[in-house]
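Descriptive structure summary
Residues per chain, in single letters:
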Amino acid sequence: SGIIIQNKANPTIKNNNIHDAKEAGIFVLNEGLGTIEENDIYNNEKSGILIQERSNPTIKNNKIHDGKDAGIFVYNEGLGTIERNDIYNNASPGIQVESKANTTIIKNRIHHGIQEGIWIKNNGLGTVINNDIFQNKLPGIAISNSSNPIIKSNRIYEGLRSGIFIYDNGLG
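We now turn to the structure provided with this report. Numbering of residues starts from 1 in every chain and runs along the sequence as written. Thresholds applied to this predicted model are a pLDDT of at least 70 for local features of residues and 80 or more for the giving and counting of side-chain atom pairs; totals over whole chains, interfaces and linings are not thresholded and use all residues. Excluding hydrogens and water, the side-chain figures rest on all heavy atoms present in the structure.

In this description a helix means any DSSP run of H or I spanning at least four residues, a strand means any run of E spanning at least two, and both kinds are numbered starting from the N terminus. By secondary structure assignment, the location of Lys 121 is in strand E16 (residues 118-121). The exposure class of Lys 121 is buried, given its relative accessible area of 14%. Any two residues having at least one pair of non-hydrogen atoms within 4.5 Å are treated as being in contact. Apart from the residues within four sequence positions on either side, Lys 121 is in contact with Gln 96, Val 97, Glu 98, Ser 99, Ser 144, Asn 145 and Ser 147. Relative accessible area decides the class of each residue, using a 1.4 Å probe on protein chains only: under 20% of the type maximum gives buried, over 50% gives exposed, and in between gives partly exposed.

The structure is reproduced here in structure tokens:
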């Protein structure tokens, strides 16, 4: 990974170009914190940002694009606030939330993705409010496998599939 934040570390990562990492651009784990803002995160082998293990960073005003996996992947009880980012042209969902992760996703632009804009699966939770989700090849928001997020006041348009797709015991 380009940057690793762990063990309750609480840095500010601001105004950087984070790219071409062999793993994630930024990996936040084991209760890591931090503010990640105004960065250009792109062309990483894994997700632009990975969050897991009760880590709770604030991610705001970044461009996260052209990654070979999800733009942001929150899993294994990861937390975090994802706000006002421009997330586009990633190979997997713009934001993926799973395995009891519970994140707040607010006021982002999530677009031109090869898969879903946001995919919440495998008991994922979270709050998804006031995002612009458009021109993704799969559903704007997908909810599956006993996931139960709150979805409110999003604008989902010009996608190639459904706006919101709930399946396989998805709730929300």
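In this section: the environment of Asn 130. Relative to the helices and strands, Asn 130 resides in the loop between strand E17 (127-129) and strand E18 (132-134). Through-space distance from the C-alpha of Asn 130 to that of Asn 154 is 4.4 Å; in sequence the pair is 24 residues apart. Those residues within four positions of Asn 130 in sequence are excluded, and the remaining contacts are Lys 107, Asn 108, Lys 152, Ser 153, Asn 154 and Arg 155.

This next bit is on the pairing of strand E4 (residues 26-29). Across a regular strand the side chains alternate sides, sitting on one face of the sheet and then on the other. Here E4 shows two buried faces, one formed by Ile 26 and Val 28 and the other by Phe 27 and Leu 29. In short, DSSP must find at least two bridges between two strands for them to pair. Pairing of E4 with strand E7 (residues 49-51), which is carried by three bridges, proceeds in the parallel orientation. Looking at E7, one finds that Phe 27 is bridged to Leu 50.

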